[in-house]
Amino acid sequence: MNIDFAKNGGLVPAVIQDAVTEKVLMLGYMNEESLLKTQAEGIVTFYSRSKQRLWTKGETSGNFLKVQQVLLDCDEDTLLIKVNPVGPVCHTGADTCFDEKNSGKAAFLNYLKHVIRSRREQPAESSYTASLFKKGINKVAQKVGEEAVELVIEAKDNNSELFKGEAADLLFHFLVLLEQKQIDLDEVIDVLQQRHRK
């Protein structure tokens with residue numbers, strides 16, 4: 001990365017985002033040394049403007065930020081760092097420095113739909129998903145129906161683990177069906193949002 005540290009006196013803003021929930025957790029600043037330390041150790045280290053030194057988030061609390069990905073913006077002067085946080089991020093004990101709850105993993109569905117799309121566009125012999133696409137729309141639709149029936153059956157019992165497993169199977173095969181129909185999950189969400197406004 002060709003980062004322009006000179007533009008702001010040797011520091012660049014670093015937006016910290018949860019890699020799973022995609023929630024913005026906090027904003028910090030980095031100099032070249034703190035970025036190199038972050039990349040080498042896989043734990044976010046900032047440059048503290050108040051302490052005038054490197055500061056590893058979690059060095060006293062143990063609430064570290066484990067790095068998943070570092071991205072640079074188009075002007076080459078701001079970083080986006082995707083992390084897996086260990087505990088609350090804010091010094092107040094809040095999940096984020098913006099006093100928001102950092103919960104919900106629905107963003108993973110967006111990741112999963114791209115994996116499913118890659119199985120359709122670049123099929124591999126060993127891929128179960130690719131084998132479904134190869135069998136065609138009837139087989140994919142049939143699997144959704146089968147999983148829906150299995151979920152209904154499990155709903156009548158009291159085994160939450162089996163129920164969650166069937167729910168996951170149905171959700172996965174539903175995403176495969178959407179991809180087979182070349183309808184993006186966002187288009188279905190658009191329908192839900194439109195209904196919600198009414």
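Since we're looking at a predicted model, the values are computed, not measured.

Chemist: Before we move on, can you summarise the packing of aromatic side chains with the specific residues and values?
Modeler: Tallying each qualifying case throughout the model produces 2 aromatic pairs. Arranged with centres 5.5 Å apart and planes meeting at 40°, the rings of phenylalanine 108 and tyrosine 111 form a pair that is tilted. Residue phenylalanine 108 and its partner tyrosine 111 are both found in helix H2 (residues 107-121); the two are separated by 3 residues, about one turn of the helix. For tyrosine 111, a relative accessible area of 52% puts it in the exposed group.

Chemist: Explain the pattern of salt bridges to me, using residue names and the numbers behind them.
Modeler: Pairing is possible between side chains that carry opposite charge, provided their charged atoms lie close to one another. Throughout the structure, instances matching the rule amount to 12 salt bridges. A salt bridge links aspartate 77 to lysine 7; the nearest nitrogen and oxygen atoms lie 2.9 Å apart. Placement of the pair is aspartate 77 in the loop between strand S5 (65-72) and strand S6 (79-85) and lysine 7 in the segment before strand S1 (12-18), with a sequence separation of 70 residues. The partly exposed category is assigned to lysine 7, whose relative accessible area is 44%. Between lysine 113 and aspartate 184 there is a salt bridge, and its shortest N-O distance comes to 2.6 Å. Of this pair, lysine 113 sits in helix H2 while aspartate 184 sits in the loop between helix H5 (160-180) and helix H6 (185-197); the two residues are 71 residues apart in sequence, bridging distant segments of the chain. Within the structure, one salt-bridge network assembled from shared partners comprises Lys113, Arg117, Arg120, Glu121, Glu179, Asp184 and Asp186.

Chemist: Can you tell me about H5, naming the residues and giving the values?
Modeler: The end-to-end C-alpha separation of H5 is 30 Å, in line with the 30 Å expected for 21 residues at 1.5 Å each. What H5 keeps buried is the set Glu166, Leu170, His173, Leu175, Val176, Leu177, Leu178 and Glu179. In this fold, the buried residues of H5 make contact with H2, helix H3 (128-135), helix H4 (137-155) and H6. Two to three positions downstream of the cap, the backbone nitrogen of glutamate 161 sits 3.1 Å from a side-chain oxygen, assigning the N-cap of H5 to asparagine 159. Positive phi shows up at glutamine 182, right after H5, with a value of about 55°.

Analysis parameters
Residues numbered from 1 in each chain as written. Predicted model: local features only at pLDDT ≥ 70, side-chain atom pairs only at ≥ 80, totals over all residues. Heavy atoms only, no water. Phe/Tyr/Trp six-rings, centres within 6.5 Å; stacked < 30°, edge-to-face > 60°. Helix = DSSP H or I, 4+ residues; strand = E, 2+ residues; numbered from the N terminus. Buried < 20%, exposed > 50% of the residue type's maximum accessible area, 1.4 Å probe, protein only. Salt bridge = Lys/Arg side-chain N within 4 Å of Asp/Glu carboxyl O. Expected span 1.5 Å × (residues − 1). Contact = heavy atoms within 4.5 Å. Polar contact = N/O pair within 3.5 Å; in protein donor to acceptor, adjacent residues only side chain to side chain.

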